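Tertiary structure, described
For reference, the chains in residue letters:
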Number of protein chains: 2
Amino acid sequence: MNLILLSGGSGKRLWPLSNDIRSKQFIKIFKDEDGEYISMVQRMHSLIRKVDTDAVVTIATSKSQVSAIHNQLGENVGISVEPARRDTFPAIALAAAYLHFEKRVPLEESVVVCPVDPYVEEDYFQALKELGNQADKGEANLVLMGIEPTYPSEKYGYIIPEDKEMVSKVETFKEKPDAATAQAYIEKGALWNGGVFAFRLGYLLEKAHELFDFTDYKDMFRRYTEMEKISFDYAVVEKEPKIQVMRFHGQWKDLGTWNTLTEAMEENAIGNVMMNENCENVHVINDLDMPILCMGLKNTIVSASPQGILVSDAEQSSYIKPFVDKLDQEVMFAEKSWGSYRVLDVEDRSMTIMVTLNPGHHMNYHAHQEREEIWNIISGEGVVVLDGKRREISSGDVIHMPIGCKHTVQAKTELKIVEVQIGKDISVQDKIKYDWNFA
Amino acid sequence: MNLILLSGGSGKRLWPLSNDIRSKQFIKIFKDEDGEYISMVQRMHSLIRKVDTDAVVTIATSKSQVSAIHNQLGENVGISVEPARRDTFPAIALAAAYLHFEKRVPLEESVVVCPVDPYVEEDYFQALKELGNQADKGEANLVLMGIEPTYPSEKYGYIIPEDKEMVSKVETFKEKPDAATAQAYIEKGALWNGGVFAFRLGYLLEKAHELFDFTDYKDMFRRYTEMEKISFDYAVVEKEPKIQVMRFHGQWKDLGTWNTLTEAMEENAIGNVMMNENCENVHVINDLDMPILCMGLKNTIVSASPQGILVSDAEQSSYIKPFVDKLDQEVMFAEKSWGSYRVLDVEDRSMTIMVTLNPGHHMNYHAHQEREEIWNIISGEGVVVLDGKRREISSGDVIHMPIGCKHTVQAKTELKIVEVQIGKDISVQDKIKYDWNFA
C-alpha cells in the first residue's frame, strides 16, 4: 500500500499541550503495548506497520512539523515537505510527484490519502488497504471512504451514495448541514466524508498537469509557490464523474478538541497529578514537573505545559481557540530532530532554556547578532565547536559565546544544557546558519 | 501601645502559595492604596501604623520566618525569634522578656498580644488600643478580646461573659463546640475567643518566673529549649481568676483556608489569568509567569506557584492538608532578607535557580561540599567574592565555583543570577558559612 498521511493543523485547540510547533498529533497521551506514552502520529504509524509491514508511508506536511516527525518517528520516515502553505490539492500533488519521481512508484499503482489525526483502530488500516484495492480495479477514478455516522453531526460533510452496498457510486456530496438535515441524510444512508480517498498515481499526476505545468518532483517543489491555493475537493472531487464510496463502520473519531481527546484517554491522569475521591469525570494532563492537586471537580479538564495552564469545563473546552489566539505566545517547548528544548525563564533581556540533545545528534552551526549565550553543561558528554575550534565537554563545563561567535554542539551521550541567552532583542529569527561537518 | 504579633503557622492549608518557608500571612493577595499587592502581614503592619504611629510592634516568630518578615517589612521591625518550636506560652514569655530587657519597656505598661493572621480593619486596632487601656486600669490581670459571633462556628473556642456589658468579667471558657451547642452559647451571649489579650508586662514576667527560672532576655533565649511546651491558655488563662472580656463587633475573619481567603479577595484573578464569560465564582491566583485560561468553571479555586498547581471546588479546598502532607516537597521559592529565589528546574544531579538580590544586599559567605555552582549574571551590577578575592560583575559574566570554593555576592543594583548547581547530592543542608565583611 502507498499511503500519503496529511499532517497539518494548528496548535490552538489543544493549547497548552500544542503550540505553533507542536500540533495535536504529536501530543503523547496514548499508551503503546509496553505502557510507554505515544502520540497520535506514533500510534497511527505503528498500526499501519502492523497491518501492512511493507506500506510505503509518505507524510505530507509543512516545514514546521519536520523536526517533530523525525523526533517521534525517526530519520527513515518518508516526508514530502511543502515549501509554503498552499491548500490540500497542491500538498497531495507534491506528495504524489514525490512518490513517482523520487520513490519510483509506477503510475498504475494506487495511492491512499488520509489525514493523520483521526482516532482509529487496526480495522481502519485494513479498510485503507481495501480502498487501495478498489482503486486498482479501475471501476472509478476516485474511491472515497464513507464513515458510517454514529450521530447527526454538524461538523462533517456528507456523502450520499446511490445504494447501500459496501461499494457504491456516489450520488452527491453535501456540505456540513444542521443536525436536522444531517438526520435526514443519515436516514437516506448518507456517510461522513472523512477526507480519505484512493486513486491511481497516474490519475492524480494527470490532474496536477491540467492545473500546473511541471516536469518532475524537483521542478514542482522549486515552483511550489506558483501553484494555485485550491482544495482537493474543489479541484478534483467535485469535477470527477467516476467516483465510488466504500463504507467503513469501525472506530473513527475526530480528537480535535479537549473534550473529544480526553474521552479517548485510557486513564484520567497523565503526569504528576493527585485527585481526591470527590473528583468525577476529571481528566488531567500535566507536562510540567510540578504537581497538580485536584479537589472535588466535576466534568473538568486540566492541562498544563510550559505554554500555560488550561482549567476548563469539559464541554466548554471546545471553545478555547479565540482565547488562545489572544495569547499570541512564543513557543515555550519543542521537539526537534536533534532532541528537545523548553523555556525555563523569560526576563526583559534574557531567556533561560533547557536543551536536551539526543546521543549522536547535533544542532545547526550558527551565530547570533543580538545576543550572547552561555551553555552550562549539566549532564552528558559531547563536542562543541566555537569559531571552528573543537572542544570536548562534559558535566560542569561552561561555554560562553559572545555575539557573533559561531557555535554548535554534538552529543556523545544524552547531553543536557542550561542555555542562558542575554541580549536586548532575543528572537528565534536572530540566527545565521553556517556549514560544519562533524564527521 | 505595645503589641506582640504572633506569627506562626504552617504552609500546608494554602498550598501551593504557601510552603515550609512562606506561611499564609506572607502571600500577597490584598491591595494597598496605591494598588500594589501586599500580604496579610504587610496589611496588618500598615493598619497598626495608621491607628497608632508610635506603637511598639514586636513580631514573635520562628527562625524560618525571619527572612520573609525582613523582606516584607524591612530591617527595622522588632522581632523576637524563638530559638526552637515551643508552644504559645514560651513564645509570649520570650517576647515579653525581649520588650522589657531589650526594649526597656517598664513593667507597669500594658502589652497586647494578637495573632498576625485574622482579616481585620482599622477598628480592630482601635479595639486593641482600648484593650491595652483596659489592662492599664488594673481591674483584671488579663483582658481578653471577645469577638461577637456571626454564626455558630465549630472552629473557635467560646468565652461566656458574666453580662452583656462592653467590658465584663468572664464566667467560663468553652472548647470548640458542635453547631447546636455553639448556637446555645451564642443565645446566652457567648463570644469567640480569637486569641487576643492584654496584660501588664510585669504580670506576665511574674507568670514566666513561676514556670521557669531566668535572669533576663538573653538568658531565657539561651535556655529556651529547657522551657516546657505549654500553651498560654493552659499556663495562664485557665488558672487566672481575675479575667475580663471586652466585646468587639467589627470585621474579624480567619482566612486560613482557600475558600475563606478567596472570599476576602477584591478581584477574582491575580496574575496572568484569562476567564471566559461562563465562569462563576471563580478565584485564580497565579504566581507563575505562564498564563492560566479558565473556561466555564463554577465555584472553583485555582492557585499556582513554583510548588505546584491547585484546582479545587471552593468548599473542598479546606480539606487539602493531608494531600499536601503527602507531597513532602522541597521549597521551590522563597523571600529572603536579601531578595528572593525560585527553582527553575530540577534534574537528577542538578538544579537551576533564579536568584534576585536586592540593591545593597548580599548573601552569606559560604561554600558547599557536595556541589559546584555556576552563576550566570543576567542583569544588574555587583561584587562577588571567591576564596577571599573580590571581583566586579555585571550582565553576561559567568562565575564558576568548584566544590569547596567560598563565595558570596553583593548587589549594587538589583542583581539577577541564574544559578546552576551540579552535584551528586544537592541539599540546602550542604552549606558551610564563613565570615566576610563587605564594608
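One numbering rule holds for all chains: residues counted from 1, following each sequence as written. Starting at A for chains and at 1 for ligands, labels are handed out in the order in which the entities are written. Local features in a predicted model are, by the rule used here, given only for residues with pLDDT of at least 70; side-chain atom pairs are given and counted only at 80 or more, and totals for whole chains, interfaces and linings are based on all residues. Note that water and hydrogens are dropped before the side-chain values are worked out from all heavy atoms of the structure.

1. Section: the overall build of chain A
Secondary structure assignment for chain A yields ten helices and 30 strands. Radius of gyration (C-alpha) of chain A: 24 Å, near the 22 Å computed for a compact globule of 439 residues. In terms of principal-axis extent, the alpha carbons of chain A reach across some 70 × 65 × 40 Å. Relative accessibility under 20% of the residue-type maximum defines a buried residue, over 50% an exposed one, and the middle range a partly exposed one, all with a 1.4 Å probe and only protein chains included. Relative to its 439 residues, chain A shows a buried fraction of 57%. Sequence-distant contacts in chain A: of pairs separated by 6 or more residues, those separated by 24 or more amount to 66%. Here chain A displays about 18,800 Å² of accessible surface, and carbon together with sulfur accounts for 45% of that area. Think of it this way: Lys and Arg go in the positive column, Asp and Glu in the negative one, and His and the chain ends go nowhere. Charged side chains are reduced to one point each, which is NZ for Lys, CZ for Arg, CG for Asp and CD for Glu. Between the mean site of the 48 positive side-chain charges and the mean site of the 68 negative ones, chain A shows a separation of 3 Å. Put simply, DSSP marks the helices as runs of H or I at least four residues long and the strands as runs of E at least two long, and each gets a number from the N terminus on. Computation of the radius of gyration draws on C-alpha atoms, with the globule rule given as 2.2 Å multiplied by the number of residues to the power 0.38. Note on contacts: a residue pair qualifies if any of its non-hydrogen atoms lie within 4.5 Å across the two residues. Here the Shrake-Rupley method, with its probe set to 1.4 Å, supplies the accessible areas, and only the displayed protein chains count as covering residues.

2. Things to note about the interface of chain A and chain B
The interface of chain A with chain B comprises 54 residues on the first partner and 54 residues on the second. Ranking the residues of chain A by area buried against chain B places Leu293, Met295 and Ile309 of chain A at the top, with a combined share of 16%. By salt bridge we mean one thing: a side-chain nitrogen of Lys or Arg within 4 Å of a carboxyl oxygen of Asp or Glu. The tally of links between chain A and chain B comes to two salt bridges. Linking Lys416 of chain A and Glu347 of chain B is a salt bridge whose minimum nitrogen-to-oxygen distance equals 2.9 Å. Pairs of N or O atoms within 3.5 Å make up the polar contacts considered here, provided that, within protein, one atom can donate a hydrogen while the other can accept it, and that residues adjacent in sequence are counted only when both atoms are side-chain atoms. At the junction of chain A with chain B, the criterion picks out 17 residue pairs in polar contact (both at pLDDT 80 or more). Here the element with the most residues in the side of chain A that touches chain B is strand β19 (residues 308–313) of chain A; it accounts for six residues. Two parts lose some accessible area (1.4 Å probe) when they are put together, and adding that loss for both gives the buried area.

3. As for the relation of the copies chain A and chain B
Here two copies of a chain appear, and what relates them is a rotation about an axis with a shift along it. Our superposition of the copies is a least-squares fit, built on the C-alpha atoms of residues whose pLDDT is at least 70 in both. When chain A is fitted to chain B, the residual RMSD is 0.1 Å, and the transformation amounts to a turn of 180 degrees plus an axial shift of 0.0 Å. Here the transformation between the copies is reduced to the relation of a two-fold axis. Scanning chain A for the C-alpha nearest the rotation axis identifies Leu344 of chain A, at a separation of 2.9 Å. Comparing interface residues between copies, 100% of those in chain A also sit at the interface in chain B, which points to an isologous, same-surface contact.

4. What about the pattern of salt bridges?
Inspection of the entire model under this criterion finds 41 salt bridges over all chains. Members of the salt-bridge network, linked through shared partners, are Lys24, Asp117, Lys155 and Asp254 of chain A.

5. Some thoughts on a negative patch on the surface
A cluster of acidic side chains, namely Glu162, Asp163, Glu165 and Glu171 of chain A, defines a negative patch on the protein surface. Within the fold, Asp163 of chain A resides in the loop between β9 (157–161) and β10 (167–174). In this scheme, patches are assembled from residues that exceed 30% relative accessible area and form no salt bridge. Like charges are connected within 9 Å, while nonpolar side chains (Val, Leu, Ile, Met, Phe, Trp, Tyr) are connected within 5 Å.

6. Describing the state of the cysteines
Residues and elements named next belong to chain B. Note that a disulfide, as used here, is simply two cysteine sulfur atoms within 2.5 Å. Under the counting rule described, the total for this entry stands at zero disulfides over all chains. Free of any disulfide, Cys294 has its nearest cysteine sulfur in Cys279, 5.5 Å distant. Among the residues examined, Cys294 registers a relative accessible area of 0% and is labelled buried.

7. Let's talk about the sheet that holds strand β21 (residues 339–347) of chain B
In sheet architecture, strand pairing relies on hydrogen bonds along the backbone and comes in two forms, parallel and antiparallel. All names here are of chain B. What makes two strands pair is DSSP finding at least two bridges between them. Taking strand neighbours across the sheet as the criterion, the six strands line up as β20-β21-β22-β29-β24-β27 in an open arrangement whose pairing is antiparallel. Either end of the sheet is taken by a strand with one partner, and the two such strands are β20 (333–336) and β27 (398–401). Each strand axis lies, on average, 20 degrees off the axis of its neighbour in the sheet, ignoring direction. By the bridge criterion, eight bridges tie β21 to strand β22 (residues 350–357) in an arrangement that is antiparallel. Residue Val346 lies in a different strand from β22, and its bridge partner there is Met351. An axis is simply a line fitted to the C-alpha atoms; with a helix, the fit covers only the stretch in contact. Between two such axes, the angle follows the N-to-C directions and lies from 0 to 180 degrees. Helix α2 (residues 63–73) contacts β20 and β21 of the sheet and is inclined by roughly 65 degrees relative to β20.

8. Section: the sheet that holds strand β17 (residues 292–295) of chain B
A sheet is described by the order of its strands in space; here six strands give the open sequence β14(A)-β16(A)-β18(A)-β19(A)-β17(B)-β15(B), paired in mixed fashion. Two strands close off the open sheet at either side, each with one partner strand: β14 (269–270) of chain A together with β15 (273–275) of chain B.

9. Here's the deal with the pairing of strand β5 (residues 78–82) of chain B
Residue and element names in this part refer to chain B. Along β5, five of the five residues are buried, which leaves the element largely enclosed by surrounding structure. Side chains Gly78, Ser80 and Glu82 of β5 all project onto a buried face; the interleaved residues Ile79 and Val81 project onto the opposite face, where all are buried too. In this structure, strand β4 (residues 56–62) lies alongside β5, joined through five bridges in parallel fashion. The residue bridging Thr58 from the neighbouring strand is Gly78, located in β5. Chirality of the crossover, the property in question, places the unit of β4, α2 and β5 among those that are right-handed. When the strands point away from the viewer and the path from the first strand over the helix to the second turns clockwise, the crossover is right-handed.

10. A short note on the packing of aromatic side chains
Residues and elements named next belong to chain A. Any two rings among Phe, Tyr and Trp, with Trp reduced to its six-membered ring, count as a pair given centres within 6.5 Å; such a pair is stacked if its planes are under 30 degrees apart, edge-to-face if over 60, and tilted if neither. Counted by the stated rule, this structure contains 34 aromatic pairs over all chains. Consider the rings of Tyr365 and Trp436, whose centres lie 5.4 Å apart with planes at 50 degrees: the pair is tilted. On the criterion of sequence distance, the pair formed by Tyr365 in strand β23 (residues 365–367) and Trp436 in the segment after β30 (432–434) is long-range, its members being 71 residues apart. Among the aromatic residues, those joined into a ring-pair cluster are Phe89, Phe197, Phe199 and Phe232. Criterion for a charge above a ring: Arg CZ or Lys NZ at most 6 Å from the ring centre, at most 35 degrees from the ring normal. Above the plane of the ring of Tyr434 lies Lys406, whose end atom (NZ or CZ) is 4.6 Å from the centre.

11. Concerning the environment of Arg223 of chain A
All names here are of chain A. With respect to the helices, strands and loops of the structure, Arg223 is situated in the loop between α7 (217–222) and α8 (232–235). Judged by its relative accessible area of 23%, Arg223 falls in the partly exposed class. Distance in space between the C-alpha atoms of Arg223 and Asp52 is 34 Å, their sequence separation being 171 residues. When neighbours within four sequence positions are excluded, Arg223 is seen to be in contact with Phe212, Asp213 and Phe214. A distance of 3.0 Å separates a polar side-chain atom of Arg223 from the backbone oxygen of Asp213.

12. Thoughts on the pairing of strand β26 (residues 389–394) of chain A
All names here are of chain A. Relative to β26, strand β25 (residues 381–386) runs antiparallel, the two being bridged by six bridges. Note on β26: the bridge partner recorded for Val384 is Arg391. What sits between β25 and β26 in their antiparallel hairpin is a turn of two residues, with Asp387 showing a positive phi close to 45 degrees.

13. A short note on unusual backbone geometry
One can expect most non-glycine residues to show negative phi and most peptide bonds to be in trans. In this chain, Trp15 of chain A is followed by Pro16 of chain A through a cis amide linkage whose omega measures 5 degrees. Looking at the element boundaries, Pro16 of chain A is found in the loop between β1 (2–7) and β2 (28–31). A positive phi is found at Arg104 of chain B, a non-glycine position, where the angle reads about 60 degrees. In this structure, Arg104 of chain B sits in the loop between α3 (88–102) and β6 (110–115).

14. A closer look at helix α4 (residues 122–137) of chain B
Residues and elements named next belong to chain B. Expected span of a helix: the number of residues minus one, times 1.5 Å. A rise of 1.5 Å per residue sets the reference length of α4, with its 16 residues, at 22 Å; its end C-alpha atoms lie 23 Å apart and thus fit the reference within 8%. Buried within α4 we find Tyr124, Phe125, Ala127, Leu128, Leu131, Gly132, Gln134 and Ala135. The buried residues of α4 occupy one face: seen down the axis, they fall within an arc of 165 degrees. Comment: arc refers to directions from the helix axis out to C-beta atoms.

15. Section: the environment of Val66 of chain A
Residue and element names in this part refer to chain A. You can see Val66 is positioned in helix α2 (residues 63–73). What makes Val66 buried here is its relative accessible area of 18%. Separated by 78 residues in the primary sequence, Val66 and Leu144 place their C-alpha atoms 28 Å from one another. Each residue touching Val66, except ones within four places of it in the same chain, is listed here: Thr61, Ile79 and Val81.

Scope: geometric values only; no functional claims are made or implied.
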